[in-house]
Amino acid sequence: MIRYPLTLLLASLLVCGCKRTTVEGRWNGTDTTLYITLYDDLGFSLLDSLQTRDGQFLWHGKMKKNLVYGISEKRKDRHPATFLPDGDTLHMQLWPGGGITTQNSAINSLLQQTLATDFDADTLIARHADSPVTAYIAARLMTQTLPYDSLVLLRKRITLTKHPYIDELDTTIEEMRNIHPGCYAPPIEGVDLGDSTLVVFHATWCPDCKAEWPHITEYLSSHPATRLVALDIDSIHWNGDLAKAYAVRGVPAIFLVADGKIVRTGL
């Protein structure tokens, strides 16, 4: 992962604060261990674990207000069910595989409904420009799917200030400043980017990468002069120089390069 420990940690403590929170609810599966994680540094980090009993669970601890937490039966789930602490006690229902509903929480209803649909970024920001949900969605998801110019325009419409996810979003936009069509591609050791090259950042565990490979293969078949440079994100690391140079926020991240310049991103 790309790390911004000082900025995000201080912002989290000063802006969001910590408070005692109770999380309780029903687990609609076989009794198991559930893991609570916190999204605060471009990913989910482990906070605590709990054991379900007879389909019920209960947890007490400190949580940071207005930050997104995950809960899952998988210890290192990159896409857990998500929620925000809302009040002293949060009631929820969980299903294996990430299904979640929360009771009497408007902010969590917004989060879960947004993630469960093919949301429209313009509509979300128009209706919830000052919401931490919008900041989270923008920082985590919009930066993976939207081009630089679109992100800049959307960022100007978000009115939430002094929040860790806004800091994350701003940092990512700054990193993407020189990673869009027309810009020179960062050098890759041993690769002549003067030739037509398709640079693909991927991972073996990534279902979206597996779904994209047939399209990549088809593209290369129809463009025989273009060569493939495939980079496993776990080998070069999220916080490695190359991943940071290309502002990789998620995989697959695809760049078509010709004459040393980025021609387009994605397929």
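A.B. asks: When you look at the overall build of the chain in this model, what are you seeing that I'm missing?
C.D. replies: Within the chain, the secondary structure is distributed over nine helices and 12 strands. Relative to its length of 267 residues, the chain is compact, with a C-alpha radius of gyration of 20 Å against a globular reference of 18 Å. Reported as C-alpha extents along the three principal axes, the dimensions of the chain are approximately 60 × 40 × 35 Å. Going through the 267 residues of the chain one by one, you find that 48% of them count as buried. If you sum the accessible surface of the chain, you get close to 13,400 Å²; carbon and sulfur atoms cover 51% of it. Taking the average location of the 25 positive side-chain charges in the chain and that of its 30 negative ones, the two points are 5 Å from each other.

A.B. asks: Honestly, the sheet that holds strand E12 (residues 261-265) in this entry has me stumped. Any pointers?
C.D. replies: Strand pairing within a sheet occurs via backbone hydrogen bonds; the two strands may be parallel or antiparallel. Pairing is mixed in the open sheet, where four strands are placed in the order E10-E9-E11-E12. The open sheet has two free edges, formed respectively by strand E10 (227-232) and E12, since each of these has just one partner strand. The average angle at which neighbouring strand axes cross in this sheet is 25°, direction not considered. Examined bridge by bridge, strand E9 (residues 197-202) and strand E11 (residues 253-258) share five bridges and lie antiparallel to one another. In the sheet register, Val200 faces E11, and the bridge partner there is Ile254. On top of the sheet, helix H7 (residues 207-222) reaches E9, E10, E11 and E12; it is set at about 170° to E9, its chief contact.

A.B. asks: I keep staring at the nonpolar core and nothing clicks. Help me out?
C.D. replies: Generally speaking, nonpolar side chains in soluble globular proteins are found buried as a group. Ranked by size, the top nonpolar core spans 69 residues in total, and within it Ile71 and Phe201 carry the most contacts. For this core, the leading source of residues is helix H4 (residues 132-145), giving seven residues. The contacts of Phe201, once residues within four sequence positions are left out, are Leu231, Ile236, Leu242, Ala243, Tyr246, Val248, Val251, Pro252, Ala253 and Phe255. By size, the runner-up hydrophobic cluster in this structure holds seven residues, among which are Leu198, Ile216, Ile254 and Leu256.

A.B. asks: Help me understand the sheet that holds strand E5 (residues 68-72) in this model?
C.D. replies: Strand order in the open sheet made by the four strands is E3-E2-E5-E6, with antiparallel pairing throughout. Two strands in the sheet have a free side with no partner beyond their single neighbour: strand E3 (44-51) and strand E6 (81-83). Strand-to-strand twist of the sheet, defined as the mean angle between neighbouring strand axes without regard to direction, takes the value 30°. Here E5 runs beside E6; their pairing, made up of three bridges, is antiparallel. Among the inter-strand pairings, Ile71 is bridged to a residue of E6, identified as Ala81. Across the sheet, H4 lies against strand E2 (33-39), E3, E5 and E6, angled at about 95° from E2, the strand it touches most.

A.B. asks: Help me out: how do you make sense of the confidence of the model for the chain in this one?
C.D. replies: The predicted coordinates of low-pLDDT regions are not to be read in fine detail. The predicted model of the chain has a mean per-residue pLDDT of 89, with 94% of residues at 70 or higher. Overall, residues 1-15 carries pLDDT values under 50, and its contacts beyond four positions in sequence, including any with other chains, amount to 36 contacts.

A.B. asks: Explain the packing of H4 against helix H6 (residues 164-176) here, please?
C.D. replies: When two helices pack together, their arrangement is captured by the angle between the axes and the distance separating the axes. One can describe the packing of H4 onto H6 by two numbers: an axis separation of 9 Å at closest approach and a directional angle of 30°. As summarised for this structure, H4 and H6 are arranged roughly parallel, according to the angle between their axes. Along this stretch, H4 crosses H6, giving a crossing that reads as left-handed. In contact with Pro132, Ala135, Tyr136, Ala138, Ala139 and Thr143 of H4, H6 contributes Tyr165, Ile166, Glu168, Leu169, Thr172 and Met176. For the contact of H4 with H6, the class distribution of residues is nine nonpolar, two polar and one charged.

A.B. asks: I would appreciate a short explanation of the environment of Ala121 in the present structure.
C.D. replies: Inspection of the secondary structure assignment puts Ala121 in helix H3 (residues 121-127). Note: C-alpha distance between Ala121 and Leu146 (25 residues apart in sequence) is 9.7 Å. Contact partners of Ala121, with chain neighbours within four places excluded, come to Met142 and Leu154.

A.B. asks: Quick question: what am I supposed to make of empty space enclosed by the protein here?
C.D. replies: Any space left empty among the atoms is revealed by the rolling of a water-sized probe across them. Evaluated as defined, the whole model comprises one cavity of 30 Å³ or more. The wall of the largest cavity is formed by Trp27, Leu34, Ile71, Ser72, Glu73, Ala81, Leu94, Trp95 and Gly98. Those elements that provide at least two residues to the lining of the largest cavity are E5 and strand E7 (89-95). In terms of residue class, the lining of the largest cavity is built from six nonpolar, two polar and one charged.

A.B. asks: Hey, could you run me through H4 in this one?
C.D. replies: Here H4 is 14 residues long and its end C-alpha atoms lie 19 Å apart, about the 20 Å a rise of 1.5 Å per residue gives. Counting buried positions along H4 yields 11 of 14 residues, so the element is predominantly enclosed. When we look at burial in H4, the residues that qualify are Pro132, Val133, Thr134, Ala135, Tyr136, Ile137, Ala138, Ala139, Arg140, Met142 and Thr143. Of the residues flanking the start of H4, the one acting as N-cap is Ser131, its side-chain oxygen 3.0 Å from the backbone nitrogen of Val133.

About the criteria used
Residues numbered from 1 in each chain as written. Predicted model: local features only at pLDDT ≥ 70, side-chain atom pairs only at ≥ 80, totals over all residues. Heavy atoms only, no water. Helix = DSSP H or I, 4+ residues; strand = E, 2+ residues; numbered from the N terminus. Rg over C-alpha atoms; globule rule 2.2 N^0.38 Å. Buried < 20%, exposed > 50% of the residue type's maximum accessible area, 1.4 Å probe, protein only. Areas by Shrake-Rupley, 256 points an atom, 1.4 Å probe, with all protein chains shown as cover. Lys, Arg positive; Asp, Glu negative; His and termini not counted. Charge placed at Lys NZ, Arg CZ, Asp CG, Glu CD. Pairing = 2+ DSSP bridges. Axes fitted to C-alpha atoms, helices over the stretch in contact; angles between N-to-C directions. Contact = heavy atoms within 4.5 Å. Core = buried A, V, L, I, M, F, W, Y, C linked by side-chain atoms within 4.5 Å. pLDDT = per-residue confidence, 0-100. Parallel < 35°, antiparallel > 145°, perpendicular 65-115°, else oblique. Left-handed = near helix turned anticlockwise from the far one by under 90°. Nonpolar A, V, L, I, M, F, W, Y, C, P; charged D, E, K, R; others polar. 1 Å grid on protein atoms, 1.4 Å probe; cavity = no way out; pocket = protein on both sides within 12 Å on 5 of 7 lines; lining within 4 Å. Points joined across faces, edges and corners; volume = space filled by probe spheres on them. Expected span 1.5 Å × (residues − 1). Polar contact = N/O pair within 3.5 Å; in protein donor to acceptor, adjacent residues only side chain to side chain.

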